[in-house]
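Below, each chain spelled out in residue letters.
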Amino acid sequence: MSTDTISHPRPADFGVLKGTFGYLLVTVLAWASAFPAIRAGLQGFGPVELGAARFAIAALPAALFLLITRPGLPKLGELWRFATGGLFFVCLYTILLNIGEQSVSAGPASFIINVNPIITALMAIALLGERFGKWAWAGTFLSFAGIGLIALGEGSEMKIDLGALLILGAALCNSITTIVQKPLFQRHKPLTVSAWNMVIGAVLLAPALPDVVAQIPAASTQALLSAIYLGIVPSLIAYGTWAIVLSRMPASRASNFMYCVPPVATLIGFLWLGETPGLLGILGGALALGGVALVNVKKS
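Trainee: Explanation requested: the overall build of the protein in the structure shown.
Mentor: When you go through the protein residue by residue, the secondary structure sums to 13 helices and zero strands. Helices and strands appear in the protein in the N-to-C order α-α-α-α-α-α-α-α-α-α-α-α-α. When the 300 residues of the protein are sorted by exposure, 51% land in the buried category. A separation threshold of at least 6 residues defines the contact pool for the protein, and within that pool the share at least 24 residues apart is 92%. Within the structure as shown, the protein displays about 13,400 Å² of accessible surface, and the carbon and sulfur contribution to it stands at 72%.

What follows is the structure in structure tokens.
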């Protein structure tokens, strides 16, 4: 077996960011496209069933990758960190987000899920000893305000109900996984961590697979293609690229780039579906992207 050991990355600077930009771009584009794909998939599958189908598709090549590369086995004290990824980042995150999106429209959903970078930054400071200065906090809240404008621009009602709380729970699952698995990248390659997340998550979701099979005959072609797309692009590919990003940058700064997702999702909606954003949506997107830039230009 290979040792699967990598060098520990230094804090993010311009050189690291430049080398990581491609992985960030793929992650943002893939996860921006996931929200409409989930809504399309829910037209043919139940929320748990869609998650089970999505990660069953992703887990097959992930398991093959582990069999071929034969990475070093986790140490006993690392097992819970790997289990956290499969349970929280795959299983619970997917179920909570899918159920929440049944009753919460895209704008409010994107606003709620983007509490994640704030939670992650607070946890990274407290648990990982990361630094997050005043300019970083200013950029974070500027981005968060921008996401709020995007939600308002869609004309959707912002209310706290069960769906909203479930999506907030999904955001918390994401933050917990980011913090818990960050130390794994000192010893394990990012794609190894990502592959184990998908395999473990797929096993946990596997009890729903018989219902997936039962729902396939009645599902539309669009729903079927959406499930396949979710398994390949936002899951297999984007989970891998996100793990690479997280291995190269502090967790607090890496999570901040997720504020790029809603503006990119708006752009995808315009180019793909002809959905023209309003003035608030355009302004919100500019603020969200400006906040991300502020976090990564100013270091104190």
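Back to the write-up after that little detour.
Trainee: Got a minute to help me understand the pattern of salt bridges in this structure?
Mentor: If the charged atoms of two oppositely charged side chains come close together, the side chains can form a pair. Applying the stated criterion to the full structure yields two salt bridges. The closest approach of N and O atoms between Glu-101 and Arg-39, which form a salt bridge, is 3.9 Å. Pair noted here: Glu-101 is in the loop between α3 (79-100) and α4 (106-113) and Arg-39 is in helix α1 (residues 14-41), with a separation of 62 residues, a long-range link. Overall, Glu-101 belongs to the buried group, its relative accessible area being 7%. Owing to a relative accessible area of 31%, Arg-39 belongs among the partly exposed residues under this scheme. Between Arg-187 and Glu-78 there is a salt bridge whose closest N-O contact spans 3.1 Å. Placement of the pair is Arg-187 in the loop between α7 (162-181) and α8 (190-205) and Glu-78 in the loop between α2 (47-69) and α3, with a sequence separation of 109 residues.

Trainee: Mind showing me how you'd approach the environment of Val-212 here?
Mentor: Tracing the backbone through its elements, the reader meets Val-212 in helix α9 (residues 209-215). The sequence separation of Val-212 and Phe-45 amounts to 167 residues, and the corresponding C-alpha distance is 7.2 Å. In contact with Val-212, not counting residues within four places along its chain, are Phe-45, Glu-49, Ala-52 and Ala-53.

Trainee: I tried to follow the packing of α8 against helix α10 (residues 221-248) on my own but got confused; where do I start?
Mentor: In a pair of packed helices, the angle between the axes and the distance between the axes together describe the arrangement. It is the contact of α8 with α10, at a shortest axis distance of 8 Å, that shows an interaxial angle of 135 degrees. The angle between the axes of α8 and α10 places the two elements in the oblique class. Like other packed secondary-structure pairs, α8 and α10 cross with a definite hand, here right-handed. The segment α8 lies against α10, with Pro-190, Leu-191, Ser-194 and Met-198 engaging Ser-235, Leu-236, Tyr-239, Gly-240, Ala-243, Ile-244 and Ser-247. A class-by-class count of the residues in the contact of α8 with α10 yields seven nonpolar, four polar and no charged.

Trainee: Is there a simple way to explain the nonpolar core in this structure?
Mentor: In globular proteins that are soluble, nonpolar side chains generally tend to be buried together. Among the nonpolar cores identified, the biggest contains 79 residues, and Trp-31, Phe-55, Leu-97, Ile-113, Tyr-239 and Trp-242 are the most heavily contacted of them. Residues within four places of Ile-113 in sequence aside, it is in contact with Phe-35, Tyr-93, Leu-97, Ile-167, Ala-170 and Ala-171.

Trainee: I keep staring at helix α5 (residues 116-128) and nothing clicks. Help me out?
Mentor: Counting along an α-helix, one turn takes 3.6 residues, and residues three or four places apart therefore face a common direction. Buried residues of α5: Asn-116, Pro-117, Ile-118, Ile-119, Thr-120, Ala-121 and Ala-124, and no others. One or two residues past the end of α5 sits Gly-129, with phi positive at roughly 70 degrees.

Trainee: Sorry, what's going on with the confidence of the model for the protein here?
Mentor: Regions with low pLDDT carry predicted coordinates that are not meant to be interpreted in detail. In the predicted model, the protein carries a mean pLDDT of 84, and 84% of its residues have values of at least 70. Here residues 5-12 scores under 50 on pLDDT; set against residues more than four positions off or in separate chains, the count is 18 contacts.

Trainee: What should I look at first to understand unusual backbone geometry in this one?
Mentor: Both trends apply: most residues other than glycine have a negative phi, and most peptide bonds are in trans. A positive phi is found at Arg-70, a non-glycine position, where the angle reads about 45 degrees. Checked against the element boundaries, Arg-70 lands in the loop between α2 and α3.

Trainee: What should I look at first to understand the environment of Cys-173 in this one?
Mentor: Note on placement: Cys-173 falls in helix α7. Not counting chain neighbours up to four residues away, the residues in contact with Cys-173 comprise Phe-88, Leu-92, Tyr-93 and Leu-96.

Trainee: Would you explain a nonpolar patch on the surface in this entry?
Mentor: A contiguous nonpolar patch, built from Val-26, Leu-225, Ile-228, Ile-232 and Ile-237 and spanning about 390 Å² of accessible area, is present on the exposed surface. Here the element with the most residues in the nonpolar patch is α10; it accounts for four residues. The topology assignment puts Val-26 in helix α1. For Val-26, a relative accessible area of 34% corresponds to the partly exposed category.

Trainee: When you look at α3 in this model, what are you seeing that I'm missing?
Mentor: For α3, built from 22 residues, the straight-helix expectation of 32 Å at 1.5 Å per residue is met to within 8% by its first-to-last C-alpha distance of 30 Å. Remark: the principal bend of α3, roughly 35 degrees, maps to Tyr-93.

Trainee: Quick question: what am I supposed to make of the side chain of Thr-94 here?
Mentor: Here Thr-94 is to be found in helix α3. If we ignore the near neighbours within four places in the chain, the residues touching Thr-94 are Gly-51 and Phe-55.

Each value, and the rule that gives it
Residues numbered from 1 in each chain as written. Predicted model: local features only at pLDDT ≥ 70, side-chain atom pairs only at ≥ 80, totals over all residues. Heavy atoms only, no water. Helix = DSSP H or I, 4+ residues; strand = E, 2+ residues; numbered from the N terminus. Buried < 20%, exposed > 50% of the residue type's maximum accessible area, 1.4 Å probe, protein only. Contact = heavy atoms within 4.5 Å. Areas by Shrake-Rupley, 256 points an atom, 1.4 Å probe, with all protein chains shown as cover. Salt bridge = Lys/Arg side-chain N within 4 Å of Asp/Glu carboxyl O. Axes fitted to C-alpha atoms, helices over the stretch in contact; angles between N-to-C directions. Parallel < 35°, antiparallel > 145°, perpendicular 65-115°, else oblique. Left-handed = near helix turned anticlockwise from the far one by under 90°. Nonpolar A, V, L, I, M, F, W, Y, C, P; charged D, E, K, R; others polar. Core = buried A, V, L, I, M, F, W, Y, C linked by side-chain atoms within 4.5 Å. pLDDT = per-residue confidence, 0-100. Patch = residues over 30% accessible without salt bridge, like charges linked within 9 Å, V, L, I, M, F, W, Y side chains within 5 Å. Expected span 1.5 Å × (residues − 1). Bend = angle between axes of the 7 residues up to and from the residue.

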